[in-house]
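# Understanding the architecture of this molecule
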Amino acid sequence: MSAVMPTDAQRNPDERAAAHVPADELARRQGVQPVSSLDDLARPGLFETDDELDRFLADLYASRHEGAA
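First, a word on what this report is: a plain description of the structure on this page.

Calculation rules
Residues numbered from 1 in each chain as written. Predicted model: local features only at pLDDT ≥ 70, side-chain atom pairs only at ≥ 80, totals over all residues. Heavy atoms only, no water. Phe/Tyr/Trp six-rings, centres within 6.5 Å; stacked < 30°, edge-to-face > 60°. Buried < 20%, exposed > 50% of the residue type's maximum accessible area, 1.4 Å probe, protein only. Helix = DSSP H or I, 4+ residues; strand = E, 2+ residues; numbered from the N terminus. Polar contact = N/O pair within 3.5 Å; in protein donor to acceptor, adjacent residues only side chain to side chain.

Moving on, we get to the packing of aromatic side chains. Under the definition given, this model contains 1 aromatic pair. With a centroid separation of 5.2 Å and an interplanar angle of 40 degrees, the aromatic rings of Phe47 and Phe56 are classed as tilted.

Further remarks concern helix α2 (residues 23-30). Burial analysis of α2 places just 0 of its 8 residues in the buried class, a small minority of the element. One or two steps after α2, the chain reaches Gly31, where phi turns positive at roughly 70 degrees.

What follows covers the environment of Asp40. Along the chain, Asp40 falls in the loop between α2 and α3 (50-64). On the basis of relative accessibility, which here comes to 41%, the residue Asp40 falls in the partly exposed class. Reaching out from Asp40, the side chain makes a polar contact with the backbone nitrogen of Ser36 at a distance of 3.2 Å.

See the structure below:
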């Protein structure tokens, strides 16, 4: 015997709405504060070497420009 799972179209719309929590409410619940400075995001030693940082930046650049030709 297999379980039958309802699709999104079959679910109760009120159930989906009740499950949605706005981002500002989630932030409040988790005690998240806005970033006031880029220094808040700094993580000394995040990359072990300059080469590791360079590879990360190259990958980031490539992913942002993927398919933009």
